[in-house]
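# Overview (structure and organization)
Letter by letter, the chains look like this.
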Amino acid sequence: MKEIQHSKVNSSAGNYTVNGDSNRSNSVSAKDEELVFLPAYQLAQLIRDRQVSCQDLIKAHLAQIARHNQTLNAIVTLDEEGAQKQAKAADEALAKGNSWGALHGVPITIKDCLETKGIRTTSSYQPLADYIPEQDATAVARLRAAGAIVLGKTNTPKLAEDFQTNSPLFGRTNNPWNLEYTPGGSTGGGAAALAAGLSPLELGSDCGGSIRIPSHFCGLFGLKPTEQRVSFFGHIPELPRQPKSIRHLQTVGPLARSLEDLRLCLSLIEDKDVTHSEVLEKLPNKLESYRFAWTDSFGDIPPDAETRAAMDKLASCLTEIGCYLEQQSPPNFDFIAVWEAYISIFQWEFDALQLDKSVIQQQRYVQALAQRNTFINQIERFLNNWDGLLVPVAPTPAFPHCPMGKPIEVDGQQFSYMMSIGAYTTPFNLTGNPAVVMPFTRSKKGLPMGIQIVGRRGSDMKLLGIAEKLTQVTGLFQRPPGY
């Protein structure tokens, strides 16, 4: 396995060399440049139709990585040798009429906090700097079983606990739209890789917005599934070989450049026997048949003027089409209490390194679980009347790299770092509702701005179908300039 080697990467770029390949050309042909921006489901079809070989597809992505990863620092462990070997085997299997599955020969990347058999998995945590798992995380195993080829692992902050991606092991990941801006976190490396054409599909995770915020900052589609719909076995945290304590908030899900890829990936990684298995229904073809609630603010954290304008623009477009819209939030949904309950559960379940927890913490945890049930009931009752709730993803578009914990400025006002960035995402980790992020517009600085649509628990596939209808207004993925 050839891995990207880091000496402690500097904070701005992530310098690296690939073993044995210092003379490899970084050039990418015009054909390859188009190929690396096709969605995964189209790549799979090209492979099935013998219009492109798995080996050529891997080669194209490796060339794109060689060209751009040094400035982005998105992929931190590259299994070049393993990917090439698997691509050769995939071509040979197809030549014999054997298909491995829906993603036969398609390259993917995996967030570095999900275990990958035989490929280094660190979660940017120093004690795991050289950890090579003996098994895949469940969701990773399911993608491999469908024929996907793991190209490598993408950067994440330490133990996935930041809304930016600045790893103590590998350094900072930069946003392809502007290298001086964050791609978000904690699936920031994966979002940067997708937006820049280094990978067609990323498997990430979301505990408070870690799929959705990077999707918003980098102009992508992202899905936080209903809680428990996708196994998070093999996700770090929890630490390997330690007692399991995480039961809530955490989800594993995809980031992609198309809704079709989100749908395909979910169908492959979801637990088929989950108790909330979705009863699929035929959706209305016309967008004007849908009913949406929408809001541009939660609690005490306001969005900036550009975010409010984007939400107003979306509401106006949908109203003009003929959709029924009302501007409202779930009634009696106390966002401060939601945040406090979220923090109490997070601190109890995710602090794997703290063995001694106080009686007060335990009481807060039990109370928070009871509050969680109340919040779930409130939002489920509210969503009974709507096809979806449209909300911002974050109070602002991507912001310049800054130290973790520095107050976030929203139109001249400063707000708490964690609470403000996650103001519009953490509530749905607490309640377990599925949420889809879609690219929509650009800020005055040219940065992507997305929207988030939230649905009832267990309605993930329906929600993706509704989101697909919404692309008539919101649009599709657009690549950053220069890629």
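Rules behind the numbers
Residues numbered from 1 in each chain as written. Predicted model: local features only at pLDDT ≥ 70, side-chain atom pairs only at ≥ 80, totals over all residues. Heavy atoms only, no water. Phe/Tyr/Trp six-rings, centres within 6.5 Å; stacked < 30°, edge-to-face > 60°. Helix = DSSP H or I, 4+ residues; strand = E, 2+ residues; numbered from the N terminus. Buried < 20%, exposed > 50% of the residue type's maximum accessible area, 1.4 Å probe, protein only. Axes fitted to C-alpha atoms, helices over the stretch in contact; angles between N-to-C directions. Parallel < 35°, antiparallel > 145°, perpendicular 65-115°, else oblique. Contact = heavy atoms within 4.5 Å. pLDDT = per-residue confidence, 0-100.

This brings us to the packing of aromatic side chains. Scanning the entire structure with this criterion turns up 14 aromatic pairs. An angle of 15 degrees between the planes, with centres 4.3 Å apart, marks the rings of F298 and F335 as stacked. Here F335 lies in helix α10 (residues 335-350) and F298 lies in the loop between β11 (291-294) and α9 (305-321), a separation of 37 residues in the sequence. Residue class for F298 comes out buried when judged on its relative accessible area of 3%.

To continue, consider unusual backbone geometry. Among all residues except glycine, the phi angle is most often negative; among peptide bonds, the trans geometry is most common. With an omega dihedral of 0 degrees, the bond running from I236 to P237 counts as a cis peptide bond. For P237, the position within the fold is in the loop between β9 (221-224) and β10 (251-256). P237 connects to E238 through a cis peptide bond whose omega is 25 degrees. In this fold, E238 is placed in the loop between β9 and β10. Phi at R50 is positive, roughly 60 degrees, even though this residue is not glycine.

Attention shifts here to the packing of helix α5 (residues 138-145) against helix α8 (residues 259-269). With their axes 8 Å apart at the nearest point, α5 and α8 run at an angle of 110 degrees to one another. One finds that α5 runs roughly perpendicular with respect to α8. Each of A139, R142 and L143 in α5 lies in contact with α8, whose residues at this interface are C265, L268 and I269.

Close inspection of predicted coordinates is inappropriate in any region flagged by low pLDDT. When pLDDT is averaged along the protein, the result is 92; 92% of the residues meet or exceed 70. Residue range residues 7-28 is modelled with pLDDT below 50. Its contacts to residues more than four positions away, or to other chains, number 53 contacts.

A few words now on the environment of R50. Structurally, R50 can be placed in the loop between α2 (40-48) and α3 (54-72). For R50 and D91, which are 41 residues apart along the polypeptide, the C-alpha to C-alpha distance reads 9.4 Å. Once residues within four sequence positions are removed from consideration, R50 is found in contact with L94 and A95.

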